[in-house]
Amino acid sequence: SKPPNQATEHASENRPCLEILTANVRSLRANKACVRQLIEDRQPHIMVLTETNLPGTRDSKNLVRRCLPQYQTFWPAALAQNKRGVMVAVHRSVALACTVSSIPTTCALQPKAAARMTAVEIKAPAAAPLLVCGVYAPASRNEEGTAIREEVYKQLQGWCQGRLDTHSIIAAGDWNAVLRADDRDRSDAAMMSWDKHHLAVIQAIGLKAPDQEGATRVRTFYPNGKESAGGSRIDDILVRPVAGAPL
């Protein structure tokens, strides 16, 4: 594949850099042409795709192989019971150079929560291992949606907490919450409550938006149409480098 342009711009001369992408695809089957074009344009090393709407069937596996032939893909077994879904895709150039494996859940999750997250460990020679967590948090604010969100956060913390001293961590996907106060719709008290909970969980893990570390990135969400405003989005990539091994 062609080299990732944007990642190279921000990389130092002596340190390789990964291009990471997250996107809500609103059904991989319905929008496979758009996904292929996105991959062609960006050529990411790692992708987190949400709202894939893939049941766990052989037909779905064939569709993924046709749509993402250059990637090794991981998605939850619970998709057979809930089609919403999330997927982590690792480019084969990374998979050939590293050891890539799926990380099992550590919490007893209901199927609707388990279908919304997946985690992958990438071990490279002479480098700190990388934990990639893909998340698709529910948008519904009813009792069920709140319970699912609690389980998603609990599992995310379960994956991360035991690896804080050994792994660099990337958590990406559709959070259905925003991280920064200036992105919030202050007229929506329920959403603000979710945002504050989201912030508390992310801070407890130690995750940050990449631009908090001095990097830059294209923004896809702006509050109230203010394109000059800075901040997080509902779809976001968050990182926590392990000490001594910056991302």
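Here, every reference points to the structure presented above.
Below you will find a few notes about this structure. (Residues numbered from 1 in each chain as written. Predicted model: local features only at pLDDT ≥ 70, side-chain atom pairs only at ≥ 80, totals over all residues. Heavy atoms only, no water.)

The next thing to look at is the overall build of the chain. Each helix and strand counted, the chain has seven helices and nine strands in total. The burial tally for the chain puts 47% of its 247 residues in the buried class. Restricting the contact set of the chain to residue pairs at least 6 apart, pairs at least 24 apart contribute 71%. Total accessible area on the chain stands at roughly 12100 Å², and carbon and sulfur atoms take up 50% of it. (Helix = DSSP H or I, 4+ residues; strand = E, 2+ residues; numbered from the N terminus. Buried < 20%, exposed > 50% of the residue type's maximum accessible area, 1.4 Å probe, protein only. Contact = heavy atoms within 4.5 Å. Areas by Shrake-Rupley, 256 points an atom, 1.4 Å probe, with all protein chains shown as cover.)

Quick look at helix H3 (residues 58-67) now. By the burial criterion, the buried members of H3 are Ser60, Leu63, Val64 and Cys67. Taken down its axis, H3 places every buried residue within 100° of arc, on the same side. Exposed residues pointing more than 90 degrees away from the buried face of H3 are listed as Arg58 and Arg65. (Arc of directions from axis to C-beta.)

Together, Lys32, Arg36, Arg58, Lys61, Arg65 and Arg66 make up a region of like positive charge exposed at the surface. Sorting the residues of the positive patch by element identifies helix H2 (32-42) and H3 as the ones contributing at least two each. Here the positive patch takes four residues from H3, the largest share from any one element. With respect to the helices, strands and loops of the structure, Lys61 is situated in helix H3. For Lys61, a relative accessible area of 44% translates into the label partly exposed. (Patch = residues over 30% accessible without salt bridge, like charges linked within 9 Å, V, L, I, M, F, W, Y side chains within 5 Å. Salt bridge = Lys/Arg side-chain N within 4 Å of Asp/Glu carboxyl O. Lys, Arg positive; Asp, Glu negative; His and termini not counted. Charge placed at Lys NZ, Arg CZ, Asp CG, Glu CD.)

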